[in-house]
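Listed here are the chains, written in short residue letters.
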Amino acid sequence: MTVHEHGDRLAAAIAAHPVLDTVGDLVRLLSQLPPDTALTLDQHVRADPAEPTEVYTVTPRLVALVNDETGQTVPGLQLGTVYVPADGDDGAQAAAAVRRDLLPENALARAGARILDGRELPAGLKDLTGVLQDVGLLLGEGAKWLAQNDPAMASLQVEADRIGHAAARITQLADTVEAPEW
């Protein structure tokens, strides 16, 4: 089987199983694939921030992977996790599961995706400020565990305050920057 034929077979199997809610769903998908199919896991949970109520599911994706032995790019199976509409029928959930534009749910990963892409710079900066606010809060809370006379306590509190101020300044800047035209 050629790499192209393998990719076509993998794409057809994935299209037939866009949502994997049970082990049985996964077994049915895997039974349609050659045993040497490359496999990877998406490191991020994906979600649509505009969707108010979502449920968690597993979804397969066709991805290009590099074969460690040959160095060739080969089609592979990526298993990812995604939130789909809770009130949607099977078709709506399947359509949401296969979307390639869903950003990571994790704020830092989402900020990275938006900022590195450049097209969503203001939104990425706002995601980043949320992360900074969380870091500042954790530093401040961590400082409370130290003795009052411990110099590290005061230093950690100062750093927490600085991070909070930086987050506030970046939030203001996010409202003024414009993403470049592509």
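Computed from a predicted model, the values in this text were never measured in an experiment.

Reading the values: rules and limits
Here, residues in each chain are numbered from 1, in the same order as that chain's written sequence. Reporting of local features is limited, given that this is a predicted model, to residues whose pLDDT is at least 70; pairs of side-chain atoms are given and counted only at 80 or more, and all residues count toward the totals for whole chains, interfaces and linings. As a rule here, side-chain values cover all heavy atoms of the structure and leave hydrogens and water aside. Take a side-chain nitrogen of Lys or Arg and a carboxyl oxygen of Asp or Glu: if they are within 4 Å of each other, that pair is a salt bridge. Helix and strand assignments follow DSSP, with helices taken as H or I runs no shorter than four residues and strands as E runs no shorter than two, numbered in order from the N terminus. Exposure categories follow from relative accessible area, calculated using a 1.4 Å probe and restricted to protein chains: below 20% of the type maximum is buried, above 50% is exposed, and the middle band is partly exposed. Residue contacts are defined here by distance: any two heavy atoms, one from each residue, within 4.5 Å place the two residues in contact. Stacked, edge-to-face and tilted labels apply to pairs of Phe, Tyr and Trp rings (six-membered ring for Trp) whose centres lie within 6.5 Å, assigned for plane angles under 30 degrees, over 60, and everything in between, in that order. Note on terminology: a nonpolar core comprises buried Ala, Val, Leu, Ile, Met, Phe, Trp, Tyr and Cys residues joined through side-chain atoms within 4.5 Å.

S.K.: Sorry if this is basic, but what is going on with the pattern of salt bridges here?
M.R.: Between side chains of opposite charge, a pair can form when the charged atoms approach closely. Per the stated rule, a full pass over the model turns up 11 salt bridges. We note a salt bridge from Asp 42 to Arg 61, for which the minimum N-O separation is 3.1 Å. Highlighted residues: Asp 42 in strand β1 (residues 38-47) and Arg 61 in strand β2 (residues 54-66), separated in sequence by 19 residues. Exposure class is identical for Asp 42 and Arg 61. Each is buried. Linking Arg 162 and Glu 159 is a salt bridge whose minimum nitrogen-to-oxygen distance equals 3.0 Å. Of the two residues, Arg 162 and Glu 159 both sit in helix α6 (residues 151-174), three residues apart, roughly one turn of that helix. Under the relative-accessibility criterion, Arg 162 is labelled exposed at 51%. Judged by its relative accessible area of 35%, Glu 159 falls in the partly exposed class. Via salt bridges that share partners, Arg 110, Arg 114, Glu 120 and Asp 127 belong to a single interconnected network.

S.K.: Sorry, what's going on with the environment of Gly 130 here?
M.R.: Here Gly 130 shows up in helix α5 (residues 121-143). With 39 residues separating them in the primary sequence, Gly 130 and Gly 91 have C-alpha atoms 34 Å apart.

S.K.: How should the side chain of Arg 110 be read in this particular structure?
M.R.: By the secondary structure assignment, Arg 110 is in helix α4 (residues 107-117). Not counting chain neighbours up to four residues away, the residues in contact with Arg 110 comprise Leu 103, Pro 104, Glu 105 and Asp 127.

S.K.: Any chance you could explain the packing of aromatic side chains here in plain terms?
M.R.: For any pair of aromatic rings, the description consists of the separation of the ring centres together with the inter-plane angle of the planes. One pass over the structure, following the stated rule, counts one aromatic pair. Here Tyr 56 and Tyr 83 contribute two aromatic rings whose centre-to-centre distance is 5.3 Å and whose plane-to-plane angle is 55°, an arrangement assigned as tilted. Here Tyr 83 lies in strand β3 (residues 73-85) and Tyr 56 lies in strand β2, a separation of 27 residues in the sequence. The class of Tyr 56 is partly exposed, set by a relative accessible area of 46%. Of the residues examined, Tyr 83 reaches a relative accessible area of 22% and is grouped as partly exposed.

S.K.: Whenever I open this one, the nonpolar core confuses me. Can you help?
M.R.: Within soluble globular proteins, side chains that are nonpolar generally end up buried alongside one another. Judged by nonpolar contacts, Leu 10, Ala 13, Ile 14, Leu 20, Leu 29, Leu 33, Leu 77 and Leu 79 together constitute the single largest core of eight residues. Breaking this core down by element, the ones donating at least two residues are α1 (3-16) and β3. The residues touching Leu 20, leaving out its near neighbours within four places in the chain, are Asp 25, Leu 26, Leu 29, Thr 57, Val 58, Pro 60 and Leu 79. In terms of nonpolar packing, the next biggest core, distinct from the first, is built from seven residues, Val 19, Val 82, Ala 94 and Ala 97 among them.

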